Amino acid sequence: MSNPALQPFDISDYEGLRGLNYFEEDRVLQRILVKHAAGLQQDHARDMMQHVNGYGDLTGGILDELTIASHQEGKYGQIKAFDRTGNRIDEIEYCAEQQESRRISYEYGIVNLDFHPEWKHPFTTVHRMALAYLCNELGEGGVACPLAMTDGMILALKELGTEEQKELYLPLVAGPGSHSHFMCGQYVTERVGGSNVGANRTVARPLDNGKWLLTGEKWFCSNPGDLWVTTARIEGSDRIGMFLVPRLKEDGTKNGFQLLRKKDIIGSKGKLTAECIYEDLVAEPMGRVAHGLANIIRYVIKTSRMHVAVGGAGMGRRGLREAIAYTSVRTAYGKRIIDIPVNTLLLARMSVLQTAVELATFRAFRMEEEGDVMNALMTPLMKYCASVHSTWLIQKAMMLHGGNGILGDFSVLPRLLNDSIINETWEGAHPLIQEHALKAYHRPKIKRALGEWVERTVAAASDGATAQTASQLKQVWEEFSKYMDEHDHDFLDLNRQAICDRLYAIISVLLLLEEANYIPEAKPAYEVLDTELLPDGSAGHSSGYDYWKGRFERENIVFADMASGMMEMLVYGREAWARPDGVFASMEKMKGMIGLQGLLSE
């Protein structure tokens, strides 16, 4: 007699999201990119979509497999301090799977597409960050953090580098065919503190040849590799300089640094983080030395904060999709888990929150690219909110898996959760980032721009399905504005977290209302955007303005429900009881919100 407990069951052949194209499964990202593409020339729009679609195939396929393989015990990077004859080399050895994962993404151009001769268009911020978003659906994976630091390095070299530095280093960190696949680092934090760069104790002394000699230590050296940016106090002053450090000096010998030990961190294990000592380290200034602190914030840390936001959005997306996929096939007490009302409610709320994060994060990127004054508010706000959201959402996804959610050999979620926690801590503790957002809000131009955004959106949404939500938003905004005007600085500073949370929720409702009332203008680019690149679940081939107008209008209905749901969570909390007259009391509306998250959930 066969053992009945070992017979096939509902998840015997469960594969999760394995093998899926992550871009084709993401209707929200598709919508964001279609709206972006509509403003481009036809060939640029088509090529961008094909490029992002191709990377979606890689992330759901070979890159997912390589990430799993490289995150096993015995596969993590190690410091190799000496070569076989005893020479100090301080190199990092990564497993073959990690190296291949980096190579594929680097050569695909996710950070350096504008250096590929076959790419004939601008490499827009939205395009670049869409690729980073898909990359982060694998978790940090040993690639996402190095990707962010390489992105910041490329920008700093473009904007601050001398012609000699550009000629020497850009081919190394961005050139097609380079052997250095995301091997840029950031060595800023010291044992006395991280966010407070001004407290650095490492000292920089000028040399006669225009270079500098650094002596000190760095406590968190992320992704030790071929080239890194670092900070140091200018000898005899309180100024902080930003410097460029190659691993090898001009004569080919190792520079004056030693990697002391590998950091034992709970996540982001695919890339190595170390402690480092500088002893007569030869460095080159990046930009004017006296402007070091301002420059590292403007070019390097700001870029990293954008990647923290997109990392939170990407990891949160993976967590949500894993939860939907699992609960759609797993049964309990005669029902699919997704059909048990309390779980439907949770998944619907997760869907609304994740959609809002994606919209807000990519709006921040658009503002950055367009030079919108609101970017000074949105970048720190999304660094904080997207990263916090992702940790909460992944933890909920784990609980929806039950015991299987905590098994690292069953699910990506345990690794994803740890990576998300690391992502929260990167580039500034929450109170510091909240302070930056609060300062930005108080700038007259930003405050005025935000108020005008609210007024404009409320006016456009005051009829039809969004009228009630628009009216509620107007009231909430007036109450928020009054609160901010009535209280002094010290009291507002005391409540900076709650203020940022409320402000982000207001912006989330704004964005969802915009989507609910979006009607596209006829543009030539729509003729080359078809359902082969952007599937909608229907049979046949469709493209053209009429197709996209119809698709947007169908999705707008769901966005109207999401705006109402976001407003309900803004007022009552994301885990409060569902209101009897609200959208979360309707199973049909909740299934619509979940269904917008991908084809698999239908």
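Everything discussed here concerns the structure shown above.
This write-up is about the structure you can find in this document.

Thresholds, definitions, all that
Residues numbered from 1 in each chain as written. Predicted model: local features only at pLDDT ≥ 70, side-chain atom pairs only at ≥ 80, totals over all residues. Heavy atoms only, no water. Helix = DSSP H or I, 4+ residues; strand = E, 2+ residues; numbered from the N terminus. Rg over C-alpha atoms; globule rule 2.2 N^0.38 Å. Buried < 20%, exposed > 50% of the residue type's maximum accessible area, 1.4 Å probe, protein only. Contact = heavy atoms within 4.5 Å. Phe/Tyr/Trp six-rings, centres within 6.5 Å; stacked < 30°, edge-to-face > 60°. Lys NZ or Arg CZ within 6 Å of the ring centre and 35° of its normal. Expected span 1.5 Å × (residues − 1). Core = buried A, V, L, I, M, F, W, Y, C linked by side-chain atoms within 4.5 Å. Disulfide = S-S within 2.5 Å. Patch = residues over 30% accessible without salt bridge, like charges linked within 9 Å, V, L, I, M, F, W, Y side chains within 5 Å. Areas by Shrake-Rupley, 256 points an atom, 1.4 Å probe, with all protein chains shown as cover. Salt bridge = Lys/Arg side-chain N within 4 Å of Asp/Glu carboxyl O. 1 Å grid on protein atoms, 1.4 Å probe; cavity = no way out; pocket = protein on both sides within 12 Å on 5 of 7 lines; lining within 4 Å. Points joined across faces, edges and corners; volume = space filled by probe spheres on them. Nonpolar A, V, L, I, M, F, W, Y, C, P; charged D, E, K, R; others polar. Pairing = 2+ DSSP bridges.

Right, let's talk about the overall build of the protein chain for a bit. Along its length, the protein chain carries 18 helices and 11 strands. Computed over the C-alpha atoms, the radius of gyration of the protein chain is 25 Å, within 12% of the 25 Å expected from 2.2 N^0.38 for a compact globule of 602 residues. Counting all 602 residues of the protein chain, 58% fall into the buried class. Long-range pairs, those at least 24 residues apart, make up 74% of the contacts in the protein chain with a sequence separation of at least 6.

Moving on, we get to the packing of aromatic side chains. The final tally for this structure, using the stated rule, is 17 aromatic pairs. Each ring, one from Tyr-326 and one from Phe-410, has its centre 6.0 Å from the other, and the planes form 90°; the classification is edge-to-face. Taken as a pair, Tyr-326 in helix α8 (residues 292–327) and Phe-410 in the loop between α10 (375–400) and α11 (413–425) lie far apart in primary sequence, 84 residues in all. An aromatic cluster is present here, built from Tyr-518, Tyr-547, Trp-548 and Phe-552 joined pairwise through their rings. Its guanidinium or amino end placed over the ring of Phe-82, Arg-88 lies 5.0 Å from that ring's centre, counting from NZ or CZ. In this structure, Arg-102 is placed above the aromatic ring of Tyr-94, and the distance from its NZ or CZ to the ring centre is 4.6 Å.

Once that is clear, we can look at helix α9 (residues 341–370). In a regular helix each residue adds 1.5 Å, so 30 residues correspond to 44 Å; α9 covers 43 Å between its end C-alpha atoms and thus fits that length. Judged by how many residues are buried, α9 sits mostly within the fold: 23 of 30 residues are covered. Gly-371 sits one or two residues past α9 and shows a positive phi near 70°.

Among the nonpolar cores identified, the biggest contains 159 residues, and Met-49, Val-173, Phe-362 and Leu-529 are the most heavily contacted of them. Beyond its immediate sequence surroundings of up to four residues, Phe-362 is in contact with Leu-29, Ile-32, Val-126, Met-129, Ala-130, Tyr-133 and Val-310.

The next thing to look at is the state of the cysteines. If you walk through the whole model with that rule in mind, you get zero disulfides. A disulfide-free cysteine, Cys-276 has its sulfur positioned 4.6 Å from the sulfur of Cys-221, the nearest such atom. On the accessibility criterion, Cys-276 (1% relative accessible area) is buried.

We now examine a nonpolar patch on the surface. Taken together, Met-399, Ile-406, Leu-407 and Phe-410 make up a surface patch of nonpolar side chains, about 370 Å² in accessible area. With respect to the helices and strands, the residue Met-399 is situated in helix α10.

Turning next to empty space enclosed by the protein. Under the definition given, this model contains two cavities of 30 Å³ or more. If you trace the largest cavity, you find it lined by Leu-17, Leu-20, Tyr-22, Glu-25, Glu-137, Arg-317 and Arg-321. Classifying every residue of the lining of the largest cavity by side-chain character gives three nonpolar, no polar and four charged. The wall of the second largest cavity is formed by Arg-305, Met-306, Ala-309, Ala-364, Phe-365, Glu-368, Asn-375, Met-378, Thr-379 and Met-382. Going through the elements one at a time, α8, α9 and α10 are the ones with two or more residues in the lining of the second largest cavity. Per element, the largest residue contribution to the lining of the second largest cavity is four residues, and it comes from α10. Considering only residue class, the lining of the second largest cavity consists of six nonpolar, two polar and two charged.

Here is the key point about a regular strand: its side chains alternate between the two faces of the sheet. In terms of burial, strand β7 (residues 240–246) is largely enclosed, as seven of its seven residues are buried. Side-chain alternation along β7 places Ile-240, Met-242, Leu-244 and Pro-246 on one buried face and Gly-241, Phe-243 and Val-245 on a second face that is also buried. In the sheet, strand β6 (residues 227–234) pairs with β7 via seven bridges, with the strands oriented antiparallel. Looking at β7, one finds that Thr-231 is bridged to Met-242. Here β6 folds back onto β7, and the loop between the two strands holds five residues, one of which, Gly-236, carries a positive phi near 80°.

Bridge analysis of strand β5 (residues 212–222) against strand β9 (residues 273–285) gives eight bridges, and the strand direction is antiparallel. Looking across to β9, one finds that Glu-217 is bridged to Ile-277. Note that β7 and β9 share two bridges and pair antiparallel. Looking at β9, one finds that Leu-244 is bridged to Glu-284. The sheet contact formed by strand β8 (residues 257–262) and β9 spans five bridges and is antiparallel. Directly across from Phe-257, in β9, lies its bridge partner Tyr-278.

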